[in-house]
Amino acid sequence: MQVTTLQSKIVDIRGQKVILDFDLAILYEVETKVLNQAVKRNVKRFPVDFMFRLTIEEWESMRSQFVTAYQNKRNIVVTPFAFTEQGVAMLSGILNSDVAINVNIAIMRTFVMIRRYALEHKEFNAKLLEIETKYDKKFSDIYEALNYLIKKEEKEVVQKERKPIGYKKNNNDTN
């Protein structure tokens, strides 16, 4: 399973990274109804910090982002469940197929990768901000120089790609 595929399924709702029930069902190769029935049979395993149901407003807002015909058929009154990382981990205990186990492992790895990236990115931004404030004038000069070089390089690339205009005489012509 590709990380980019999994990353596209992880959305931010209420300040939490979650995967919606229909996306999990697709990944686990089961119907959404089957996944939700398994969850309802084990509802004690899914406290609100593991899983929550979207409000109608949240769902309406998200529906405009989904273009699949499948989601347009979904009853808008019955909103999807959103599973946090812990909720997805708990699903591994109630869905016991080989597909579910492999998908869960891939999802857990993706959540860890996203968390690691966010931490590294946060530390990098903080360091950059610290350096910028310390050396404010020097950085603005550097940015200006870099922007000049980038624009100059872009112009050169455009000029190299441009084909000559006009008539080209063929050397084989005897006229």
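Each value, and the rule that gives it
The numbering scheme is per chain: residues are counted from 1 as the chain's sequence reads. Totals for whole chains, interfaces and linings use every residue, but because this is a predicted model, local features are given only for residues with pLDDT of at least 70 and side-chain atom pairs only at 80 or more, for both listing and counting. For the side-chain quantities, the full set of heavy atoms in the structure was used; hydrogens and water were omitted. In DSSP terms, a helix is any run of H or I states spanning at least four residues, a strand is any run of E spanning at least two, and both are numbered starting from the N terminus. For every residue, the accessible area obtained with a 1.4 Å probe (protein chains only) is divided by the maximum for its type, and the residue is called buried under 20%, exposed over 50%, and partly exposed between those limits. Residue contacts are defined here by distance: any two heavy atoms, one from each residue, within 4.5 Å place the two residues in contact. If DSSP finds at least two bridges between two strands, the strands pair. What counts as an axis is a line fitted to C-alpha atoms, over the stretch in contact for a helix, and the angles between N-to-C directions run from 0 to 180 degrees. Residues enter a nonpolar core if they are buried and are Ala, Val, Leu, Ile, Met, Phe, Trp, Tyr or Cys, with the set joined through side-chain atoms within 4.5 Å. For Phe, Tyr and Trp, where Trp contributes only its six-membered ring, two rings pair if their centres lie within 6.5 Å, and the inter-plane angle classes them as stacked under 30 degrees, edge-to-face over 60, or tilted in between. By definition, being over a ring means that NZ of Lys or CZ of Arg is both within 6 Å of the ring centre and within 35 degrees of the ring normal.

(A) Highlighting the overall build of the protein chain. Within the protein chain, the regular secondary structure consists of 8 helices and 4 strands. Start at the N end of the protein chain and walk to the C end: the helices and strands fall as α-β-β-α-α-β-α-α-β-α-α-α. Split into buried and exposed, the 175 residues of the protein chain put 29% on the buried side. Looking at the protein chain alone, contacts between residues at least 24 apart form 68% of all its contacts between residues at least 6 apart.

(B) Structural context of the sheet that holds strand β2 (residues 16-20). The antiparallel open sheet is built from 4 strands, whose spatial order is β1-β2-β4-β3. Sheet topology places β1 (10-13) and β3 (51-53) at the edges, where each strand pairs with a single neighbour. Strand-to-strand, the axes of this sheet are offset by a mean angle of 45 degrees, without reference to chain direction. By the bridge criterion, 4 bridges tie β1 to β2 in an arrangement that is antiparallel. Directly across from D12, in β2, lies its bridge partner K17.

(C) A look at the nonpolar core. With 23 residues, the main nonpolar core has L24, Y28, F83, L91 and I107 as its most contacted residues. Mapped onto this core, the elements with two or more residues apiece are α2 (21-28), α3 (32-41), β4 (81-83), α6 (85-94) and α7 (98-134). Ranked by residues supplied to this core, first place goes to α7 with 5 residues. Beyond its immediate stretch of four places on either side in the chain, F83 contacts K17, V18, I19, D21, L24, L35, V39, F46, F50, M51, V88 and L91. Formed by 9 residues, the second largest nonpolar core is a distinct cluster that contains I13, L20, F22 and M62.

(D) Seen up close, the packing of aromatic side chains. Enumeration according to the criterion identifies 3 aromatic pairs in this entry. On the basis of an interplanar angle of 85 degrees and a centroid distance of 5.9 Å, the ring pair of F46 and F83 is categorised as edge-to-face. Here the residue F46 occupies a position in the loop between α3 and β3, and F83 occupies one in strand β4, the gap between them amounting to 37 residues. For the pair F46 and F83, a shared accessibility class is recorded, and that class is buried. Among the aromatic residues, those joined into a ring-pair cluster are F46, F81 and F83. Its end group placed over the ring of F81, R53 keeps NZ or CZ at 3.9 Å from the ring centre.

(E) The arrangement of the environment of L20 in detail. By the secondary structure assignment, L20 is in strand β2. Accessibility expressed as a relative area gives 1% for L20, which makes it buried. Along the sequence, L20 and R53 sit 33 residues apart, while their C-alpha atoms lie 9.3 Å from each other.

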